[in-house]
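# Topology and contacts: notes
Here are the chains, one letter per residue:
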Amino acid sequence: MPARHLARTARRRLLWLLAGFALCQAVLAVAIDVWLDQVRDPEYTAKLARLKARLAEAPGRPLVLVLGTSRTAYALDGASLSVPAAGQHPVVFNFGIMGCGPLLQLATLHRLLDAGIRPDLLYAEVMPALLVASEGRALEEKMLDAARLRAGEVIALLPYYREPHRPVFGWGLGRLLPCYRHPAELRALAGLGNPAWGGAADYPGPLDGHGWHPRPDDISPEERQRATAMALGQYDAFCASPQVAAEPVRALEALLERCRREGIPVELVLMPEGKAFRALYTPEITTALKGLFARLQERWGVTIVNARDWVDDAGFWDTHHMLVSGARQFTEHFGREPLARALRALSRRTRDAEKS
Amino acid sequence: MLFCTKPFLYFFALIFAIYWALPWQRARVVVLLAASFYFYAVWNKWLAVIVCVSTAMDYLIARALDAGDSPRLRKGLLALSVTANLGLLCYFKYANFFLRSLEEGLSAAGLSASLPILKVILPLGISFYTFEAISYTVDVYYRRIRAERSLPNFMLFILFFPHLVAGPIVRARDFLPQVRRRKHWSWPRLALGAQFIVVGVFKKLAVADPMGLLAEPVYKDPTGFGTAALWLAAFAYALQVYCDFSGYSDIALGCAHLLGYKLARNFDMPYLAANLAEFWRRWHISLSSWIRDYLFIPLGGSRAGAWRTHRNLVLTMALAGLWHGAAWTYVVFGVVQGLMLCTHRVFRGFADARPALGAVLRSAPGTALRIAATFVCFCYSLVIFRSTSLENAWAMLGRMLVPAAGDGVTVPLRTFWLVAAAVALGHLLGQPRVLKRLGERVPAPVQGLALGVLLTLAVVLAPDASKAFVYFQF
């Protein structure tokens, strides 16, 4: 075979290797963005699957959905609240997602409504540290991995970013090399690995049928001390920041606006925090947050459930994430007060609607 | 700096670009030498200096050997080189092993002794470059090759980063002429190199690492697992060690090709071997051939009667076992391989004397049976090699033969079967005859696309925490 022909064949083979790899990435990127929710956002998919299963078991029962961060995910035992109360027999589902601030909560609500899941009552956690800015950006803007969002969701969330190029870049990077970005999820999809979310892995731990991540109480004092120091270090700058960031507040208001449009009653929840965590807030930011909540109440007529001191310090493993004992304390209080009140209101509205 | 990591990718891309941008061959040698030194020094700069010093010493000794006429002087120089190289190897790799063994021996004899434990770091790849240096001085001594006149060329022969830490063990007569030759950009060579790299990365990330996850917990505590899990772990480790090491060799060959060098193939579908002698001709070929040329044949090889042949086989295999690591498990593994080779030799004589039996064994079903038997025997004996102690090895080997209850493996079985099927397919397609035919008949786009898919699969199937190559420890 002439040398020139060999060189041409070799060149073509090399180019096709690169093209083959690029094609695989392109196909995977499109599939992940359009169809493979369990690869793109396994946490959301795992919760959605459980939620659908609960709704299928109890058709016609009102859905009480709790959106929030990891604080919520570890805190609310929805199963124990899914019992007859205040004239209702609700399905209470914990849709707490790790790092899920106002931006991801907004995206999550849109996704659920698009999937035909319309909550009868919505609780949305407000984590103060996610509403303030440090070094010019809100915390969620730094934390939220845009690769877990669809292209359309990224575009929809751009107005809520101070630096809109960041989510675009993060999303683009995730789609550029999806095999590198989502290997564990792809393995799980092919049945070659453990479930990408909600399995028995160390983090974030097992997920129950109502979306709760129960974290057992068996924590050593050293472990608790280490975790607490880490949590305080992580949020120190945000709790000491003097100003509320405009972008996450706009995202929160967009959520309230969507709920109003859909006729979904919504309440905001300030989740429990340990004494050490509560001490992080400076008087300036405390005042600023109080002002914000007053404005939100006034503008949207929304109830704010202040549960910050509902749980003893022993109920946390790192002064803001709850152990099972803390979660039980919180869940019981939550069911007894705000949920019972809201369910009574829901019953009234239902009766009024039936009458009219 | 591991081959399958981003730092190596950036490092190699930079070296590749600089190397081919330079028009002068000598400058390219210097660049490769500097890159190789950096590659080693990233891990430990002092040990990199030691390797360089010992290499310079071998260079000088070989020059003196080449120039010298006095047999006594030449013998002395050869002894100096071999002693220095083996001395370094023994000090770094075996000193603590010998001291510990001596201490255990003394205490078994009722004598209490507390010998010191040396605090030494095992230099990466010392077993590989020591053998390369020894083969070089021996070849110069026997005047099979001339001593290299250029120090940079000789240093590149020892330090060339693709083969530095885990082989293949290169021979001076193969490598040094390539260093002297001016390199020209070659697309076929580039395509071949890329193909080797993709296949190597796939073997390492998609096969070896997941199989390691299956085997590791079982080997850690074999008494906790049932017989089925133990057999599965034994097979998984056989797949792991093959794909890990041959994957490394493939990447080394690929990188060398991209730089215009050709290294010898280190594996030739070993699990298709129909007997153990053939297996060792296909497995870690550069070590097997080194042992044959510089140990087995000088000891008399197979020319001095059956008893001495068997003795030589056991001795060389025991030393080959010890070469792998400073532990009795490796020595015993080597001895067992030697004994199995002796058994095969005796059986071959027995079968040769019975044409009917020979014909049955050579038939297609007979060959399949021999391949399966060789594979199972190797996997079973490999338990000794992988076990953390001889006690663990005996416990595992015993439980593999006598059905025992216990835990199952934690990795999904589907992973194991898919990997096993991939290795079997690789063995079938990787035979030179089949490979040649595929290369000729399958269009270039299909070949390229297949490699692209393979690369994607490698990245997807790699466990989250990828591990260092198994042979780095040797």
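Right above here is the structure, for reference.
Please read these numbers as outputs of a predicted model, since none were measured by experiment. (Residues numbered from 1 in each chain as written. Chains lettered and ligands numbered in written order. Predicted model: local features only at pLDDT ≥ 70, side-chain atom pairs only at ≥ 80, totals over all residues.)

### Structural notes on the overall build of chain A
Convention followed: Helix numbering and strand numbering both begin at the N terminus, where a helix is a DSSP run of H or I of at least 4 residues and a strand a DSSP run of E of at least 2. For this measure, only C-alpha atoms enter the radius of gyration; the expected value for a globule follows 2.2 Å times N^0.38, where N is the number of residues. Here exposure depends only on C-beta density: within 10 Å of a residue's C-beta, 20 or more other C-beta atoms make it buried, 12 or fewer make it exposed, and intermediate numbers make it partly exposed, the C-beta atoms being placed from the backbone.
The helix and strand inventory of chain A stands at 16 helices and seven strands. Taking 21 Å as the expected radius of gyration for a compact globule of 356 residues, we find that chain A reaches 23 Å, a close match to that expectation. With the C-alpha coordinates of chain A rotated into their principal frame, the extents come out at 85 × 50 × 45 Å. The proportion of buried residues among the 356 residues of chain A is 45%.

### Quick notes on the pairing of strand 3 (residues 121-125) of chain A
Residues and elements named next belong to chain A. The following threshold applies: Only strands joined by at least two bridges in the DSSP assignment are considered to pair.
Taken across its five residues, strand 3 has five buried, putting it largely inside the fold. Residues of strand 3 alternate between two faces, with Leu121, Tyr123 and Glu125 on one and Leu122 and Ala124 on the opposite face, all of them buried. With four bridges joining them, strand 1 (residues 63-68) and strand 3 adopt parallel strand pairing. Bridged to Val66 within strand 3 is Tyr123. Taken together, the four bridges between strand 3 and strand 6 (residues 266-270) define a ladder with parallel strand orientation.

### Some remarks on the interface of chain B and chain A
How we decide: We call two residues in contact if the C-beta atoms placed from their backbones are at most 7 Å apart. Amino acids outside the nonpolar list (Ala, Val, Leu, Ile, Met, Phe, Trp, Tyr, Cys, Pro) and the charged list (Asp, Glu, Lys, Arg) are all regarded as polar, and Gly is one of them.
Taken together, the contacts link 23 residues of chain B with 24 residues of chain A. Looking at the side of chain B that touches chain A, the elements with two or more residues in it are helix 9 (187-220), helix 18 (413-429) and helix 20 (444-461) of chain B. Here the side of chain B that touches chain A is built from residues that sort into 16 nonpolar, five polar and two charged.

### Things to note about the environment of B:Arg143
Position of B:Arg143 among the secondary structure elements: in the loop between helix 5 (126-141) and helix 6 (151-159). Measuring from C-alpha to C-alpha, the distance between B:Arg143 and B:Leu65 comes to 9.1 Å, with 78 residues separating the pair along the chain.

### Overview of the packing of helix 14 (residues 328-352) of chain B against helix 16 (residues 364-386) of chain B
All names here are of chain B. What counts, and what does not: For helices, the fitted axis covers only the stretch in contact; all axes are lines through C-alpha atoms, and the angles between them, taken along N-to-C directions, range from 0 to 180 degrees. Angle categories: roughly parallel below 35 degrees, roughly antiparallel above 145, roughly perpendicular from 65 to 115, and oblique for all the rest.
Following both chains from N to C, one finds helix 14 and helix 16 inclined at 155°, their axes separated by 8 Å at the closest point. Put simply, helix 14 runs roughly antiparallel to helix 16. Counted together, Thr329, Tyr330, Val332, Phe333, Val336, Gln337 and Met340 of helix 14 and Cys377, Ser381, Ile384 and Phe385 of helix 16 form the full contact between these two elements. Taken together, the residues of the contact of helix 14 with helix 16 sort by class into eight nonpolar, three polar and no charged.

### Some thoughts on the packing of helix 10 (residues 227-258) of chain B against helix 18 of chain B
Pairs of packed helices are described in terms of their axes, by the angle between the two and the distance that separates them. Residues and elements named next belong to chain B. Note the threshold: Definitions for this section: a left-handed crossing has its near helix turned counterclockwise from the far helix by less than a right angle. A right-handed crossing has that turn clockwise.
Running from N to C, helix 10 and helix 18 point in directions that differ by 45°, and their axes come no closer than 11 Å. Of the possible angle classes, the one that applies to helix 10 and helix 18 is oblique. Note that helix 10 runs across helix 18; the crossing there is left-handed. Taken together, the residues of helix 18 that come into contact with helix 10 (itself represented by Leu232, Ala236, Leu239 and Cys243) are Phe416, Val419, Ala420 and Val423.

### Details of helix 2 (residues 25-41) of chain B
Filter applied, for reference: One less than the residue count of a helix, multiplied by 1.5 Å, gives the span that helix is expected to have.
For helix 2 of chain B, spanning 17 residues, the distance from its first C-alpha to its last is 24 Å, which sits close to the expected 24 Å at 1.5 Å a residue. The inward-facing, buried residues of helix 2 of chain B abut helix 1 (6-21), helix 3 (45-67), helix 6, helix 7 (161-164) and helix 8 (172-180) of chain B.

### Description of the sheet that holds strand 7 (residues 303-306) of chain A
All names here are of chain A. One open sheet holds the five strands; their spatial order is 2-1-3-6-7, and the pairing between them is parallel. The two strands at the open ends of the sheet, each matched to only one other strand, are strand 2 (91-96) and strand 7. Between one strand axis and the next, the sheet turns by 20° as a mean value, whatever way the strands run.

### Details of the nonpolar core
Selection criterion: Note on definitions: a nonpolar core is a set of buried residues drawn from Ala, Val, Leu, Ile, Met, Phe, Trp, Tyr and Cys, linked by C-beta atoms within 7 Å.
Formed by 148 residues in total, the largest nonpolar core has its most connected members in B:Ala233, B:Leu239 and B:Ala458. Tallying contributions element by element places helix 10 of chain B first for this core, with 22 residues. Residue contacts for B:Ala233: discarding those within four places in its chain leaves B:Leu214, B:Ala215, B:Val218, B:Tyr219 and B:Val409. In this structure, A:Phe95, A:Tyr123, A:Ala147 and A:Tyr235 belong to the second largest nonpolar core, which totals 79 residues.

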